[in-house]
Amino acid sequence: MAFVSLFFIFLLWPVWIVMIALAFILPWLGVALTTVAAVLLAANAGFLAVLLFARHKWKAMGKLDKAYIDGFQGWKRYALLAAKILLNAGVIWELLVVLVCAGLLIVQPWNAVLP
């Protein structure tokens, strides 16, 4: 549990600074958080489509197959392995971000009335 706390405090501090800055700056500028979430949703959905297209093309050409990757030696093999892992992880990450942005737009917790 302490590792998780250290991870969030020390490694993700730029994210926290940006979030705090946005929480103070956006209301001052009069920009609604709904607009920010919609822009993030559109940008991440577009990037997800690009990642899915690239993954589909590479898979169709057989460049993600184990036999194809094992045919290379050295740095090219490691580069293909890294590309395979990053394409899969990127698709999962972008799908998660799109779902969170869509959920924020649907639920809109910042419009909730506090007791």
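Here, the structure is the one placed above.
Participant: Pulling in residues and values, what's your account of the packing of aromatic side chains?
Facilitator: Per the counting criterion, the structure on display carries one aromatic pair. Ring geometry for Y68 against F72: centres 5.2 Å apart, planes inclined by 75°, an arrangement best described as edge-to-face. You can call F72 partly exposed: its relative accessible area is 22%. Residue placement shows K63 over the ring face of W58; its charged tip is 5.8 Å from the ring centre.

Participant: A description of the environment of T35 should follow, citing residues and the corresponding values.
Facilitator: Within the element layout of this structure, T35 appears in helix α3 (residues 33-61). Sequence spacing of T35 and L105 is 70 residues, and the spatial spacing of their C-alpha atoms is 9.2 Å.

Participant: Any details on the environment of V98? Residues and values, ideally.
Facilitator: In this fold, V98 is placed in helix α5 (residues 75-107). Taking the relative accessible area as the measure of exposure, V98 reaches 15% and is therefore buried. Between the alpha carbons of V98 and L40 there is a distance of 8.1 Å; along the sequence they are 58 residues apart. Contacts of V98, omitting those with residues within four sequence positions, involve L41, N44, A45 and L48.

Scoring rules and cut-offs
- Residues numbered from 1 in each chain as written.
- Predicted model: local features only at pLDDT ≥ 70, side-chain atom pairs only at ≥ 80, totals over all residues.
- Heavy atoms only, no water.
- Phe/Tyr/Trp six-rings, centres within 6.5 Å; stacked < 30°, edge-to-face > 60°.
- Buried < 20%, exposed > 50% of the residue type's maximum accessible area, 1.4 Å probe, protein only.
- Lys NZ or Arg CZ within 6 Å of the ring centre and 35° of its normal.
- Helix = DSSP H or I, 4+ residues; strand = E, 2+ residues; numbered from the N terminus.
- Contact = heavy atoms within 4.5 Å.

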